[in-house]
Amino acid sequence: MTNSTNPDPFDQAILRAAQANGRASIQEIAACVGLSPSPVARRLRLLEDAGIVTGYSALIDEAALGFGFSVFLSVKLDKQVDDALAQFEQAIAAHPEVVDCWLMTGNRDYLLRIATSGLEEFERFLVGTFTKIPGVASIESSIPLRRVKSGQARLG
């Protein structure tokens, strides 16, 4: 690895192979990138130590689990002070329907992706739960029609 912020071409190939198959063995990654297993293991360990590789996980198909209906919520809080942000973030962390949440710039404070089984479950969550979170001033929802592109991380 040339340095932690600028992985060389071998490191990038290792990252692509690990991202494509997080269960790949060192030997399988080595075969993909054209290095022997020892340097691949060393480089992967350095990428982990540098914080570039932060962990390994399984990719889950939400639709196969019955949660194929996503809605994006743009949320504006009534106050944009540290305590209000922390209170909102703590409140949404308790709800499994909220699968992604970003603090945003612009005219909205947060963008969330909600995953439910359908419109009826989303309505129950929105009306019965989400609108009762303290500090929420306004909500705007958008329903995605289809995912055009999906990626785990930009590698280059």
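This is a predicted model, so every value here is computed, not measured.

Throughout the structure, instances matching the rule amount to three aromatic pairs. A centroid spacing of 6.2 Å and a plane angle of 90 degrees characterise the contact between Phe88 and Phe130, whose relative ring orientation is edge-to-face. With Phe88 in helix α4 (residues 82-93) and Phe130 in the loop between α5 (119-128) and β4 (136-142), the pair connects residues that are 42 residues apart, well separated along the chain. Exposure remark for Phe88: the relative accessible area of 0% places this residue in the buried category. Given the relative accessible area of 0%, Phe130 is considered buried.

Turning our eyes to something else, we now look at the nonpolar core. Most often, soluble globular proteins keep nonpolar side chains buried together rather than apart. Residues Leu73, Val75, Phe88, Leu112 and Phe130 are the most contacted members of the largest nonpolar core, which totals 17 residues. At the level of secondary structure, the elements contributing two or more residues to this core comprise β1 (69-77), α4, β3 (110-116) and α5. Broken down by element, the residue count for this core peaks at five residues, all from β1. When near neighbours in sequence (up to four residues on either side) are disregarded, Val75 contacts Phe88, Arg108, Asp109, Tyr110, Leu112, Phe130, Val136 and Ser138. Ile14, Leu15, Leu47 and Val53 belong to the second-largest nonpolar core, a separate cluster that totals 13 residues.

Right, let's talk about the pattern of salt bridges for a bit. Tallied over the full model, the rule gives five salt bridges. Across the pair Arg113 and Glu62 runs a salt bridge, and its minimum N-O distance is 2.9 Å. Taken together, the residues Arg113 in strand β3 and Glu62 in the loop between α3 (37-49) and β1 connect sequence positions 51 residues apart.

Rules and cut-offs
- Residues numbered from 1 in each chain as written.
- Predicted model: local features only at pLDDT ≥ 70, side-chain atom pairs only at ≥ 80, totals over all residues.
- Heavy atoms only, no water.
- Phe/Tyr/Trp six-rings, centres within 6.5 Å; stacked < 30°, edge-to-face > 60°.
- Helix = DSSP H or I, 4+ residues; strand = E, 2+ residues; numbered from the N terminus.
- Buried < 20%, exposed > 50% of the residue type's maximum accessible area, 1.4 Å probe, protein only.
- Core = buried A, V, L, I, M, F, W, Y, C linked by side-chain atoms within 4.5 Å.
- Contact = heavy atoms within 4.5 Å.
- Salt bridge = Lys/Arg side-chain N within 4 Å of Asp/Glu carboxyl O.

Any functional reading would require information that these geometric values do not contain.
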